Amino acid sequence: MEVLEKAGKLDDVVHLEVGEPDFEPPAIAREVASESAAHGEVSYTNARGKESLREAISDYYERQYGVEVPLNRIFVTPGSSPALLAVMLDVVDPGSEVVLTDPHYAPYPNFVRQAEGETTTVELDPETGFEPQIADFEAAVGPETAGLLINSPANPTGAVLSPESVEALVDLAERTGTRLISDEIYHGLDFDAEAHSVLEYTDDAFVLDGVSKRYGMTGWRLGWIIAPPDEEQAINRLVQNFLICAPNHVQDAAEAAIREGAGLDSIRDTYRERRDLLLDAARDWGLDMGYTPAGAYYLLLDVSSLPGDAFEVADRILEETGVAMTPGPDFGTQAENTLRASFATSTADIEEAIERLDAYFESH
Ligand SMILES: Cc1ncc(COP(=O)(O)O)c(C=O)c1O
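Because the structure is predicted, anything quoted here is derived from the model rather than measured.

Let us now look at the site of the ligand. If you check the shell around the ligand, you find 13 residues, and the closest are Ser-80, Ser-81, Asp-183, Ser-212 and Lys-213. In the environment of the ligand, an oxygen atom lies 2.7 Å from a nitrogen or oxygen atom belonging to the side chain of Ser-80. In the model, an oxygen atom of the ligand is placed 2.6 Å from a nitrogen or oxygen of the Ser-81 side chain. Burial of the ligand by the surrounding chains reaches 91%, relative to a free accessible area of 400 Å². Placement of the ligand is best described as lying within the largest pocket. Per-class residue counts for the shell around the ligand are four nonpolar, six polar and three charged.

Pairing between the strands of a sheet comes from backbone hydrogen bonds, and it takes one of two forms, parallel or antiparallel. The strand order across the open sheet built from seven strands is 2-8-7-6-5-3-4, with neighbouring strands paired in mixed fashion. Looking at which strands have only one partner, the edges of the open sheet turn out to be strand 2 (74-77) and strand 4 (118-123). Between one strand and the next, the sheet's axes are offset by a mean angle of 20 degrees, whatever the strand orientation. Pairing geometry for strand 6 (residues 179-183) and strand 7 (residues 205-210), over four bridges, is parallel. When the sheet's bridge partners are listed, Leu-180 is paired in strand 7 with Ala-205. Lying on the sheet, helix 4 (residues 80-91) is in contact with strand 2, strand 3 (97-102), strand 5 (145-151), strand 6, strand 7 and strand 8 (223-226); it crosses strand 7 at an angle near 165 degrees.

Attention now moves to the UniProt feature "domain: Aminotransferase class I/classII large" (unreviewed entry) in the protein chain. UniProt marks residues 12-357 with the feature "domain: Aminotransferase class I/classII large" (unreviewed entry), using the numbering shown here. Spanning residues 12-357, this segment combines 40% helix with 16% strand, and its end C-alpha atoms are found 14 Å apart.

Rules behind the numbers
- Residues numbered from 1 in each chain as written.
- Predicted model: local features only at pLDDT ≥ 70, side-chain atom pairs only at ≥ 80, totals over all residues.
- Heavy atoms only, no water.
- Near = heavy atom within 4 Å.
- Polar contact = N/O pair within 3.5 Å; in protein donor to acceptor, adjacent residues only side chain to side chain.
- Areas by Shrake-Rupley, 256 points an atom, 1.4 Å probe, with all protein chains shown as cover.
- 1 Å grid on protein atoms, 1.4 Å probe; cavity = no way out; pocket = protein on both sides within 12 Å on 5 of 7 lines; lining within 4 Å.
- Sits in = over half its atoms within 2 Å of the grid points.
- Nonpolar A, V, L, I, M, F, W, Y, C, P; charged D, E, K, R; others polar.
- Pairing = 2+ DSSP bridges.
- Helix = DSSP H or I, 4+ residues; strand = E, 2+ residues; numbered from the N terminus.
- Axes fitted to C-alpha atoms, helices over the stretch in contact; angles between N-to-C directions.
- Contact = heavy atoms within 4.5 Å.
- UniProt positions renumbered as here; feature names shortened; annotations may be inferred.

This is the structure in structure tokens:
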């Protein structure tokens, strides 16, 4: 049985494999969702999303990054995952290539393949904090390249791109006529560095975001695309045909959450504390990779010194301690010998996991 499936079935498991925040959505989101559904806001909406939600999203970009995003470039979707699929269907021609980082969010290559494209990867090094070396991206972009997909704060590393790297990647995409696609779903969960939107440097990029992570609203399924001006019509057609709209009352709830904010200052402080707990423990266990996550809620652990591959290590640790972590290989070759530990779970659970793993590594 797969490790993650097993983790869901065993009793007394501490879940460090989870990818969703433990905090509650803003209370206003629940209120508005119930009221809105009770008042009959349950029919289809405009495929682009309700205008008032798109206004809230546009205001958010103005407030957060000082950039103007006109409503006609905003497309509300049922989560950022279908948004990513729509963007890939738009950007990728059969046989063309998308450049990904290695490591990367595990499903990325599947989105590209679904659009009949190929992927090529640029290796990121923990020794440089997984900061991209722009020369490697230059070398990876060729005539067959259709897109460059970046993610900061990143899953699975928790690394946050420096503003210089974001600017250099924007510049590279512009010089080479490559579509830049920026997955900004973990924006707001940057506790040691400031995450910069590509929109601070250009309009000519796709941005994907949503309420899943920043507002703790994973199951509500609400995301969005900011499309570059010349792709607005193409994205409109794809969204209209394949997605129809995001749930009507959830759009109202998302608008309320975005306008109200999520009280992120204390959440960021909590994530920083949990990161420190886990990182200190990783150093004690000898599994530290020498970098410090600055955002999201993930830490990669180097398990190359332990017997077996990462799947076997994850399985053995789960069986013997009841601590579940995600095996790294699906995130790319650079994560081949790693486990991904999430600190999105409660501090008490993280402390319990550390206690169990302390005992395990002492006796192994
Ligand atoms: C990097 C990244 N992008 C996108 C998603 C999907 O998020 P959504 O809930 O908006 O579909 C995730 C979820 O884990 C993620 O980690």
